[in-house]
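Understanding the architecture of this molecule
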Amino acid sequence: MDGASFGAGRAGSAFQPMEFLREPQTILRVTSWIFAIVVFGSIVNEGYVNHGNPELHCVFNKNESACNYGITIGLIAFLACVFFLVVDIYFPQISSVKDRKRVVLLDMAFSGFWAFLWFVSFCFLANQWQRSESNASTAQGGDAARAAIAFSFFSILSWVGLAIKAMQRYRLGTDMSLFATDTFDTTGTSGYPGYPTGSGVETTETYQSPPFTETLDTSPKGYQLPAY
């Protein structure tokens, strides 16, 4: 985008919904949002089984920490996707270059950090699922467990993609001409007037004649001298 600032044009430009929905960043954001719903939704709905007794236990090797971790990471990722989608819509209206830079840095840092947390989730859930006992209760929640593991892996890819897109926006930087025209009026400024130039030769025309040009032939006391 010509004249873009961190991937967006001049502040105050009209919002284009269809163009926004076709952007790779928006597609990745919505995809990550769906993956998060699948992860924490699967664990909440079918991730707890009774294992032959009335008390429910986590399907991942009866490890409550595994289920709690998956639910927490998925729920926060879901809310973060909604938050950053709203920020992406509002981003072209941000007129401050520093504020745009902070938003892009926040997006890049959060996306990279959450990709790492999804990697931990994938490894943690997969490890606990391998240690789970094979029985009827485990088989009952098996689909939910496998869905949570699979979409944790997919979430790693989507959040890494979001981090890369944020890094690309940061590397684009900003075109200061977008904001300089709003603050400074370059057409109305002019330098100080210089000294008048001439030939360098002084002439008597540049000086005014004294107010009295006629000489009085009189004495200091006002008496007229006799003529000889």
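If you're wondering where the values come from, they're calculated on a predicted model, not measured in any experiment. (Residues numbered from 1 in each chain as written. Predicted model: local features only at pLDDT ≥ 70, side-chain atom pairs only at ≥ 80, totals over all residues. Heavy atoms only, no water.)

Applying the stated criterion across every chain, the model contains 14 aromatic pairs. Between phenylalanine 35 and phenylalanine 154, the ring centres sit 5.9 Å apart and the planes meet at 45°, which makes this aromatic pair tilted. Of this pair, phenylalanine 35 sits in helix 2 (residues 24-46) while phenylalanine 154 is found in helix 6 (residues 142-172), placing the two residues 119 residues apart along the sequence. Among the residues examined, phenylalanine 35 registers a relative accessible area of 16% and is labelled buried. Overall, phenylalanine 154 belongs to the partly exposed group, its relative accessible area being 35%. Between phenylalanine 83 and phenylalanine 84 the ring centres are 5.2 Å apart and the planes differ by 75°, which places this aromatic pair in the edge-to-face class. Take phenylalanine 83: its relative accessible area is 46%, and that puts it in the partly exposed class. A relative accessible area of 4% means that phenylalanine 84 is categorised as buried. Aromatic rings pair up to connect Phe83, Phe84, Phe110, Phe113, Trp114 and Trp159 into one cluster. Here arginine 100 stacks its cationic end above the ring of phenylalanine 91, 5.4 Å away from the centre of that ring. Over the ring of phenylalanine 91 we find arginine 169, and its NZ or CZ is 4.5 Å from the ring centre. (Phe/Tyr/Trp six-rings, centres within 6.5 Å; stacked < 30°, edge-to-face > 60°. Helix = DSSP H or I, 4+ residues; strand = E, 2+ residues; numbered from the N terminus. Buried < 20%, exposed > 50% of the residue type's maximum accessible area, 1.4 Å probe, protein only. Lys NZ or Arg CZ within 6 Å of the ring centre and 35° of its normal.)

As enumerated under the stated definition, the model contains six salt bridges in all. Aspartate 107 serves as the salt-bridge partner of arginine 29, at 3.1 Å between the closest nitrogen and oxygen. Placement of the pair is arginine 29 in helix 2 and aspartate 107 in helix 4 (residues 97-130), with a sequence separation of 78 residues. Given the relative accessible area of 0%, arginine 29 is considered buried. When salt bridges with common partners are traced through the structure, they connect Arg29, Asp88, Asp107 and Arg169 into a single cluster. (Salt bridge = Lys/Arg side-chain N within 4 Å of Asp/Glu carboxyl O.)

The subject of this paragraph is the side chain of serine 152. Turning to its location among the elements, serine 152 is positioned in helix 6. A polar contact is formed between the side chain of serine 152 and the side chain of serine 121, at a distance of 3.4 Å. With residues up to four places along the chain from it excluded, the contact list for serine 152 reads Val39, Trp118, Ser121, Phe122 and Leu125. (Polar contact = N/O pair within 3.5 Å; in protein donor to acceptor, adjacent residues only side chain to side chain. Contact = heavy atoms within 4.5 Å.)

In this section: the side chain of threonine 26. Topologically, threonine 26 is positioned in helix 2. Residue threonine 26 is classed as buried on the basis of its relative accessible area of 2%. Setting aside anything within four residues of it in sequence, one finds threonine 26 in contact with Phe20, Leu21 and Leu85.

This next bit is on the environment of alanine 66. Along the polypeptide, alanine 66 turns up in helix 3 (residues 64-90). Taking the C-alpha atoms as reference, alanine 66 lies 6.9 Å from phenylalanine 124; in sequence the two are 58 residues apart. Ignoring anything within four residues of it in the chain, the contact list for alanine 66 reads Phe60, Phe124, Leu125 and Gln128.

So, about helix 4. Three- or four-residue spacings in an α-helix give side chains the same orientation, since the helix completes a turn every 3.6 residues. Between its terminal C-alpha atoms helix 4 stretches 50 Å, which fits the 50 Å expected from 34 residues at 1.5 Å a residue. In this structure serine 96 caps helix 4, since a side-chain oxygen of it lies 3.4 Å from the backbone nitrogen of lysine 98. (Expected span 1.5 Å × (residues − 1).)

This part covers a nonpolar patch on the surface. On the surface, Val30, Trp33, Ile34, Ile37, Val82 and Val86 cluster together to form a nonpolar patch covering roughly 440 Å² of accessible area. Looking at the nonpolar patch element by element, the count peaks at four residues for helix 2. You can see isoleucine 37 is positioned in helix 2. For isoleucine 37, a relative accessible area of 33% corresponds to the partly exposed category. (Patch = residues over 30% accessible without salt bridge, like charges linked within 9 Å, V, L, I, M, F, W, Y side chains within 5 Å. Areas by Shrake-Rupley, 256 points an atom, 1.4 Å probe, with all protein chains shown as cover.)

Before going further, it helps to spend a moment on the nonpolar core. When a protein is soluble and globular, its nonpolar side chains tend to lie buried together. The biggest cluster of nonpolar side chains holds 29 residues, and the ones touching the most others in it are Ile43, Phe60, Trp114, Trp118 and Trp159. Elements supplying a minimum of two residues to this core: helix 2, helix 3, helix 4 and helix 6. Discounting chain neighbours no more than four positions away, the residues touching tryptophan 118 are Ala36, Val39, Ile73, Gly74, Ala77, Ser152, Ser155, Ile156 and Trp159. (Core = buried A, V, L, I, M, F, W, Y, C linked by side-chain atoms within 4.5 Å.)

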